[in-house]
Amino acid sequence: MMTKAQWSHCLEEMDKMFPDAHCELVHSNPFELLIATVLSAQCTDALVNKVTKDLFQKYKKPEDYISVPIEELQNDIRSIGLFRNKAKNIQALSLMLIDQFNGEVPPDRDVLTTLPGVGRKTANVVVSVAFGVPAIAVDTHLERVSKRLGLARWKDTPLQVEEALMKKTPKELWSKTHHQMIFFGRYHCKAQNPQCPVCPLLDVCREGKKRMKNRDVRV
DNA sequence: AACTCGGGGCA
DNA sequence: TGCCCAGAGTT
C-alpha cells in the first residue's frame, strides 16, 4: 500500500499537472449546485452545463420545478441521459425541500442523502463546494485512480475508497484533492490508455509499474 | 453483487 | 454504428 509520504508527493505532482482543477458544474447558489449535481449522475459535467444554462433561467426556486408537468421538465433535460428518473427525482426533491427544509438546501451530507437522487457522491460534492465542508466525493475517476495507485484495494467499495483517501489526506486538502483527482483521472490516468509512460507518479504507482513492465502499453 | 435506467461523444 | 463514458436505487 502507498505511504502517506508517497501520497503527499502524488498530490504535489497532480497540482503541477492541473493547477486549475476546480468544480466544473456551473452554478451560483447551493440550490443550483444541487440540481446540477443530481443531473450529473452518469454523464459528464460538460453535458450538464449545456442544459443548466437554460434550465436555471427558467427555474429559480424549488416551487418552480413542481409548478410544471413532469413531461415539460423531462423535455428541458432531455439531452442528458436518464432524464425520466432525474425529472422525477428533481420534482420529489423540490417538494421535500419545501416541506421539510423551508425551501433551503440542508448543509449536511447525511441529510442530503435522504433526498431522492442524492447519493453519497452527490451529497459530498454539494457540501464541499457549496458549504465548504471538507469532503472527498468518490466517483469512478477517484475509484479507478485510487485503486491503480495502491491507495485502495481492488475490491473496495466507493465508501471504502473514500475512507482510505480521508485517512491518507490532511483534512484541509480533502475538497481540493477531489478536484485534482477528477482531472488526473479524466485527462491522464484514463480508463483506457492511461498515460503511464509520461506519468510523474509512475515511480510510486502499483498499476503503472506493472503496466510498464508488461509493455502492453501504447507509447 | 447484479441489474436497470438513456442519452451524447467519439472512433 | 458500435463502443465508451458516468451514480443512484432496487432486488
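For the structure itself, consult the block above.
None of these values were measured; they are calculated from a predicted model.

**Q** Could you clarify how one ought to interpret the nonpolar core in this entry?
**A** For soluble globular proteins, nonpolar side chains are generally found buried alongside one another. Grouped together as the largest cluster of nonpolar side chains are 34 residues, with contacts concentrated most on L34, I35, L55, Y65 and L112. Elements supplying a minimum of two residues to this core: α2 (30-39), α3 (45-58), α6 (83-100) and α8 (120-131). Here this core takes seven residues from α2, the largest share from any one element. What L55 contacts, discounting residues up to four positions off in sequence, is I35, L39, Y65, L73, D76 and I77. The next biggest cluster of nonpolar side chains, apart from the first, holds 25 residues, and it includes W7, C10, L11 and C199.

**Q** Sorry, what's going on with the pattern of salt bridges here?
**A** Opposite charge on two side chains makes pairing possible when the charged atoms of those side chains draw close. According to the stated counting rule, one finds 13 salt bridges in the structure shown. Between D110 and R109 there is a salt bridge; the shortest N-O distance is 3.3 Å. Here R109 falls in the partly exposed class, since its relative accessible area comes to 22%. Between D156 and R153 there is a salt bridge whose closest N-O contact spans 3.2 Å. What emerges from the salt-bridge pattern is a single network uniting R109, D110, R120 and E162.

**Q** In this structure, what is going on with the protein's contact with DNA strand C? I would like to understand it.
**A** Around DNA strand C sit 16 residues in total, of which Q42, G117, T122, H141 and Q192 are the nearest. In this structure, T140 approaches DNA strand C through a side-chain N or O atom, which is 3.2 Å from a phosphate oxygen. For the surface near DNA strand C, a count of residues per class yields seven nonpolar, seven polar and two charged.

**Q** Help me understand the packing of aromatic side chains in this model?
**A** By convention here, two paired aromatic rings are described through the distance between centres and the angle between planes. Counted under the stated rule, the structure contains five aromatic pairs. Taking the centre distance of 5.7 Å and the plane angle of 70 degrees together, the rings of F31 and Y65 count as edge-to-face. One end of the pair, F31, is in helix α2; the other, Y65, is in helix α4 (residues 62-66), with 34 residues separating them in the sequence. Residue classification places F31 among the buried residues on the basis of a relative accessible area of 8%. With 4.5 Å between their ring centres and 10 degrees between their planes, Y59 and Y65 make a pair best called stacked. A single burial state applies to Y59 and to Y65, both of which are buried.

**Q** Can you walk me through the environment of A92 in this structure?
**A** Topologically, A92 is positioned in helix α6. On the basis of relative accessible area, A92 is assigned to the partly exposed category, the value being 33%. Here the alpha-carbon distance between A92 and L165, two residues 73 residues apart in the chain, equals 33 Å.

**Q** Could you clarify how one ought to interpret the layout of surface pockets in this entry?
**A** Gaps left between atoms show up when a probe the size of a water molecule is rolled over them. Considered as a void within the structure, the largest pocket measures approximately 530 Å³ in volume. Taken together, 21 residues form the lining of the largest pocket, with S40, Q42, C43, K121 and D139 sitting closest to its centre. Counting residues per element, the ones that place at least two in the lining of the largest pocket are α8, α9 (140-149) and α11 (174-187). By residue number, the principal contributor to the lining of the largest pocket is α11, which donates four residues. Residues belonging to the lining of the largest pocket are distributed by class as follows: six nonpolar, ten polar and five charged. Residues from two domains meet in the lining of the largest pocket; each of domain 1 (4-21 + 136-214) and domain 2 (30-131) gives at least three.

**Q** Would you mind showing me how to read empty space enclosed by the protein here?
**A** Scanning the model with the defined rule gives one cavity of 30 Å³ or more in all. Space inside the largest cavity adds up to approximately 90 Å³. Contributing to the lining of the largest cavity are 13 residues, with C189, C196, C199, C205 and G208 lying nearest its centre. Secondary structure elements with two or more residues in the lining of the largest cavity: α9 and α12 (206-214). Counted by class, the lining of the largest cavity contains eight nonpolar, three polar and two charged residues.

So, how was this worked out
Residues numbered from 1 in each chain as written. Chains lettered and ligands numbered in written order. Predicted model: local features only at pLDDT ≥ 70, side-chain atom pairs only at ≥ 80, totals over all residues. Heavy atoms only, no water. Core = buried A, V, L, I, M, F, W, Y, C linked by side-chain atoms within 4.5 Å. Buried < 20%, exposed > 50% of the residue type's maximum accessible area, 1.4 Å probe, protein only. Helix = DSSP H or I, 4+ residues; strand = E, 2+ residues; numbered from the N terminus. Contact = heavy atoms within 4.5 Å. Salt bridge = Lys/Arg side-chain N within 4 Å of Asp/Glu carboxyl O. Near = heavy atom within 4 Å. Polar contact = N/O pair within 3.5 Å; in protein donor to acceptor, adjacent residues only side chain to side chain. Nonpolar A, V, L, I, M, F, W, Y, C, P; charged D, E, K, R; others polar. Phe/Tyr/Trp six-rings, centres within 6.5 Å; stacked < 30°, edge-to-face > 60°. 1 Å grid on protein atoms, 1.4 Å probe; cavity = no way out; pocket = protein on both sides within 12 Å on 5 of 7 lines; lining within 4 Å. Points joined across faces, edges and corners; volume = space filled by probe spheres on them. Domains from an automatic or database assignment.

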